[in-house]
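Fold and contact review
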Protein chains: 2
Amino acid sequence: MMSVIRIDTTDKHIINLASIVSGARSILYKKVDLLAYDCDGFTIHKHLPKAVVFPKNTAEVSQIVKYCSENKLPFLARGAGTGLSGGAIPINGEVIISMVRMKKLISVDLENRQAVVEPGFVNLKLTNSISDKGYYYAPDPSSQYCCTIGGNVAENAGGAHCLKYGVTTNHILGLEVVLPNGEIIEIGKNGVLDEPGYDLLGLLTGSEGTLGIVTKITVRILKNPEGKQTVLAYFDRVEDGSQAVSDIISAGIVPAALEMMDKTAIEAVEAAAFPVGHPKDIEAVLLIEVDGIAAGIDEQINQIVKVCKKRNVREVRAAKDEEERGRWWANRKTGFGAMGAISPDYLVQDGVIPRSKLPEVLRKIAQISGESGLRIANIFHAGDGNLHPLVLFDARKPGEIEKALEAGSQCLKACADVGGTITGEHGVGIEKREEMRFVFKEEEILAQTNIREVFNPDNLLNAGKLFPTPGRCVEIKKEMKA
Amino acid sequence: MMSVIRIDTTDKHIINLASIVSGARSILYKKVDLLAYDCDGFTIHKHLPKAVVFPKNTAEVSQIVKYCSENKLPFLARGAGTGLSGGAIPINGEVIISMVRMKKLISVDLENRQAVVEPGFVNLKLTNSISDKGYYYAPDPSSQYCCTIGGNVAENAGGAHCLKYGVTTNHILGLEVVLPNGEIIEIGKNGVLDEPGYDLLGLLTGSEGTLGIVTKITVRILKNPEGKQTVLAYFDRVEDGSQAVSDIISAGIVPAALEMMDKTAIEAVEAAAFPVGHPKDIEAVLLIEVDGIAAGIDEQINQIVKVCKKRNVREVRAAKDEEERGRWWANRKTGFGAMGAISPDYLVQDGVIPRSKLPEVLRKIAQISGESGLRIANIFHAGDGNLHPLVLFDARKPGEIEKALEAGSQCLKACADVGGTITGEHGVGIEKREEMRFVFKEEEILAQTNIREVFNPDNLLNAGKLFPTPGRCVEIKKEMKA
């Protein structure tokens, strides 16, 4: 085999993989290099990969996958590594297939409102590439300035504007996928609605990298709304703020975004890089944005103000201009990181509840906080009931990591108990595998792992993610086969 | 076994099935009764079922399925039988499990915008049940006055208002499903966004009754829009009409509905039960509805009129009141049946194309009509590129059925050739099995039939639907296993 990379190892797998991804620094295999890939945005577990390869095109991905498959080497795909549930952590010493060199914007079709990107293309770059023509890409995770659309597909990422516009899966029109046997398939290839046959597009989206590796993505792009207005509403009581959320939706308004932060969260964001002057003594702030036809904007804002007043809002501020609006969003979107200003460490959780249960679950979270002795901040997508409790802790204190993990898990249980679920947009990864049992019976988990087996029969691709450890599932399966 | 039904047959399967669904007329097995179940809305193929059973609850469905499964009896579920691609036709002499007795509206939760229905609940009844409180259910197939929501889920049904609001799959929050082994699972059980794990909800929705039998459905309900306006726009040239469709969407307007009828269609609807006085000499009419915040409606209509004028519209009429609006919609929604006024028989097709290809594909359909010697009318959801060519023929003339089927298939090929697909909302059923090859490679079909095998390993449930006859697929599979 020929290789243009100088490889100073005798490991035949490294040598063979290097020959597939020829070119400078297209494979990493030394420990010092691998350390940067031992975790993703979920930093509590760390594992070294066997190697990291950087393919440049679909054919290379397919060859790498075939090689790994034939040689029984575990492997997984990684985008920017901003995932928050550990989906890209190589817990089995995987060969990591990094998609960061497949970062082209392949085409934009304004007439049919579509764009085609490679998986390593950064989320925000898409909007930046088409905004001068009056278009944008809707899903906007807080990490959008660096996370990749491939990673967004794997996790079915959400974002502040998903209340009105839907999460990633609602914006994906087609995928090219390398299956775990190296075969390349196209699904939803034509970017049209409702393809015949089974909805593989939906199945692959959000499958957390366990069914295949996405190598090309057709996304829906939207026309910029004609008008937009953003307000901050401050509440003295958190109950009033949560009730206002329900009331706004009940009034028939669907804001583009409807975010909430509680007192602890406000303390953090005001102490961090993008303070905006939130009053320090309030219990909740809502960040509300409406968009659409210009003529309807003022009326919607008036209705929202009316609803907030009925819930004893202290003050409503409207953004004076785009610059102020931008600062408010920076304040919100850097909210998780802002926890660093008030706590050495934090663990972000991601539960979903029916909107009407907001007051009840926030009370429960306060109780969990009290019992664990750990502060919990709440920054979340209130409009769609997607909570993000941030458990603050100090990893240097013995036992605090475990206590934080336990408190996070209890928050998820509280969500599941009111008819909610354990992830809205961050995925299950390795973090919430056992919590899957809060929402699924064994048979229901089995129905899913059976599907994984069809795509990924040797379980070499991202094994050990998304589902609880087999245990009882395997037994049931044996019984069923018997 | 005990049975309260008098069964005058010695067929042990009939006797045993009757004991599961006790009660008057809960099983049909005589030829004279079975004749009513030999086809659905796709009337070209007819096959008698072995029996028709009418379960009253999920437990009975599960028992029937278990019985069929253990005794290797093919079976399938049927709603109102309005499907247009033959999905409910018992081509293997199936036991039909009719869902029409499971027709309860189980609950409505206005605060969280959800309703739970049994599968036999009629689509339009849902809106009728909640409209006094200001809510509605969005997916509105033309058959909504009689089709069931269970059938809508099986076919992922669309409708005129799916342009803005999405097809059935976008409105399904949870399903209870009886799997082909009789096991009962709940998916998306909590009616919250983005459940963890694989998107089984999306996978089951639109799987055309081949993966399981839906026994309970949680749907999203929407608040009635504050304002609504409907206009008719008449064009002398079909090209201008199609170009106006593209231009409206390009202008950033998303109408609630954007329908088109061509000259032949207009001739039919004006000759049928709900004429509204369309000019007979125009080539195309657009039926356009906008809805939303009241303050924005007039501006949107003004923009639409401006766009239409640029495309040489002859006249734009606005609906004077709800009554006139209702008549216009009746005229459109009974359009397929109206073909009976100008032709003894018709075959409706259902292709999807990128909106920008509308003029090109309409020309191609005119050419197919010319070559086949059969008239083809077009009534369709222009806004989302979902065409419905209606091939007019006379079944009494030898060879015309075959000619009509061939012309229909050519229309689908024309859609696929411009990057479109072969069904937008009617499903594949038995009608378009071979046309699946227009859009899928063998490996892509195999990826889907492999999933079917996980759920439906003995292929007793609705076998022979949705996918082309195995042939080459099976060979590939053998090669892969080897």
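Residue indices begin from 1 for each chain and proceed along its sequence in written order. As a convention, the first chain written is A and the first ligand written is 1, with the rest following in written order. In keeping with the predicted nature of the model, local features appear solely for residues at pLDDT of at least 70, side-chain atom pairs appear and are counted solely at 80 or more, and the whole-chain, interface and lining totals rest on all residues. Side-chain calculation: all heavy atoms of the structure are included, whereas hydrogens and water are not.

Now for the relation of the copies chain B and chain A. Each copy is superposed on the other by least squares, with the fit set by C-alpha atoms of residues at a pLDDT of at least 70 in both. When chain B is brought onto chain A, the operation consists of a screw motion whose angular component is 180° and whose axial shift is 0.0 Å, with 0.0 Å RMSD remaining. This pairing of chains is accounted for by a two-fold axis. Minimal C-alpha separation from the rotation axis in chain B is found for G296(B), amounting to 2.4 Å. Contact definition: two residues touch when any of their heavy atoms are within 4.5 Å. Residue by residue, 100% of the interface of chain B is reproduced at the interface of chain A, so both copies engage with the same surface.

Another point: the sheet that holds strand β4 (residues 95–98) of chain B. Residues and elements named next belong to chain B. Paired strands, in this sense, are two strands between which DSSP finds at least two bridges. Under the scheme used here, helices are H or I runs from DSSP no shorter than 4 residues and strands are E runs no shorter than 2 residues, and both carry numbers assigned from the N terminus. Read from one edge to the other, the open sheet built from four strands follows the order β1-β2-β4-β3, with strand pairing classed as mixed. At either margin of the open sheet sits one strand with a lone partner, and together these are β1 (27–28) and β3 (75–78). The pairing of strand β2 (residues 51–53) with β4 spans three bridges and is parallel. The partner of A51 across the bridge, within β4, is V95.

Below, the discussion takes up the domain arrangement of chain A. Residue and element names in this part refer to chain A. Here the domain parsing of chain A yields domain 1 (12–98), domain 2 (105–223), domain 3 (227–342), domain 4 (345–352 + 367–378 + 386–439) and domain 5 (442–481). With 12 residues of domain 2 in contact, the opposing surface of domain 5 contributes eight residues. Around 870 Å² of area is buried between domain 2 and domain 5 when both sides are counted, 75% of it from carbon and sulfur atoms. Accessible-area loss on putting two parts together, using a 1.4 Å probe and summing over both, is the definition of buried area adopted here. When the buried area of domain 2 at its contact with domain 5 is split by residue, P180, T210 and L211 rank highest and sum to 51% of it. For this analysis, a polar contact is any N or O atom pair within 3.5 Å, provided that within protein one partner can donate a hydrogen and the other can accept it, and provided that sequence-adjacent residues contribute only side-chain to side-chain pairs. Our count for the domain 2 to domain 5 interface comes out at two residue pairs in polar contact (both at pLDDT 80 or more). Here the side of domain 2 that touches domain 5 gets three residues from one element, more than from any other, and that element is helix α7 (residues 200–204). Residue polarity is assigned by list, with Asp, Glu, Lys and Arg as charged and Ala, Val, Leu, Ile, Met, Phe, Trp, Tyr, Cys and Pro as nonpolar; anything else, Gly included, falls into the polar class. Looking at the side of domain 2 that touches domain 5, its residues break down into seven nonpolar, four polar and one charged. Segmentation into domains, and thus their bounds, comes from an automatic or database assignment.

What follows deals with the pairing of strand β8 (residues 172–178) of chain A. Residue and element names in this part refer to chain A. Of all seven residues in β8, seven are buried, a share of seventy percent or more. Inspection of the sheet shows β8 paired to strand β10 (residues 213–220) by six bridges, in the antiparallel sense. Across the sheet, the residue bridging to I172 is V219, located in β10. With four bridges joining them, β8 and strand β9 (residues 184–187) adopt antiparallel strand pairing. From the neighbouring strand, V177 faces β9, where its bridge partner is I185. Here β8 hands over to β9 after five residues, with G182 in that stretch at a positive phi of 95°. Per-residue accessibility, obtained with a 1.4 Å probe over protein chains only, is compared with the maximum for each type, and a residue is labelled buried under 20%, exposed over 50%, and partly exposed between these values.

This brings us to the environment of I282(B). All names here are of chain B. Here I282 is to be found in the loop between α9 (263–271) and β14 (284–292). Residue classification places I282 among the buried residues on the basis of a relative accessible area of 0%. Sequence spacing of I282 and V238 is 44 residues, and the spatial spacing of their C-alpha atoms is 8.5 Å. With residues near it in sequence (within four places) discarded, I282 still touches Y234, F235, D236, K263, I266 and R314.

Here the focus is unusual backbone geometry. Positive phi, normally seen in glycine, also occurs at R113(A), with a value near 55°. Among the secondary structure elements, R113(A) is positioned in the loop between β5 (105–109) and β6 (114–117).

All names here are of chain A. Looking at where E371 falls in the secondary structure, it is placed in helix α13 (residues 358–372). By relative accessible area, which is 58% here, E371 ends up exposed. In the structure, E371 is positioned 36 residues away from A407 in sequence and 8.9 Å away in space, judged by C-alpha atoms.

Counting from both sides, the interface comprises 72 residues of chain B and, opposite them, 72 residues of chain A. Summing both sides of the interface, chain B and chain A together bury roughly 5,900 Å²; the carbon and sulfur share of this comes to 56%. Any Lys or Arg side-chain nitrogen found within 4 Å of a carboxyl oxygen on Asp or Glu counts as a salt bridge. Our enumeration of links across chain B and chain A arrives at zero salt bridges. Summed over the shared surface of chain B and chain A, the number is 16 residue pairs in polar contact (both at pLDDT 80 or more). Those elements giving two or more residues to the side of chain B that touches chain A turn out to be β9 (184–187), α7 (200–204), α8 (238–250), α10 (294–310), α15 (436–439) and α16 (442–455) of chain B. Looking at the side of chain B that touches chain A, the element that brings in the most residues is α16(B), giving nine residues. Across the side of chain B that touches chain A, the residue classes tally to 30 nonpolar, 24 polar and 18 charged.

This paragraph deals with helix α8 (residues 238–250) of chain A. All names here are of chain A. Under the 1.5 Å per step criterion, the end-to-end length of α8 is 19 Å for 13 residues, consistent within 8% with the ideal 18 Å. The buried fraction of α8 amounts to 10 of the 13 residues, a majority that puts the element mostly inside the structure. Three or more residues of α8 are buried, namely V238, D240, G241, S242, A244, V245, S246, D247, I248 and I249. Of the surrounding elements, those touching the buried residues of α8 are α6 (162–165), β12 (227–235), β13 (257–262), β14 (284–292), α10 (294–310) and α13. Looking one or two residues past α8, G252 carries a phi angle of roughly 90°, positive in sign. Here the expected length of a helix is defined as 1.5 Å per residue gap, with one fewer gap than residues.

Tracing the sequence through the fold places S19(B) in helix α1 (residues 12–20). At a separation of 2.6 Å, a polar atom in the side chain of S19(B) contacts the main-chain carbonyl oxygen of N16(B).

As a further point, take the packing of α8(B) against helix α13 (residues 358–372) of chain B. Between two packed helices, what matters for the description is the angle formed by their axes and the separation of those axes. All names here are of chain B. Here an angle of 0 to 180 degrees is reported between the N-to-C directions of two axes, which are lines fitted to C-alpha atoms, with helices fitted over the stretch in contact. The geometry of α8 relative to α13 is characterised by a closest axis approach of 9 Å and an angle of 145° between their N-to-C directions. α13 is crossed by α8, and the crossing has right-handed handedness. Every residue of α13 that contacts α8 at V238, E239, S242, Q243 and V245 is listed here: L358, P359, L362 and R363. Classifying every residue of the contact of α8 with α13 gives five nonpolar, two polar and two charged. Handedness of a helix crossing follows the sense of rotation of the near helix relative to the far helix, less than a right angle counterclockwise being left-handed and clockwise being right-handed.

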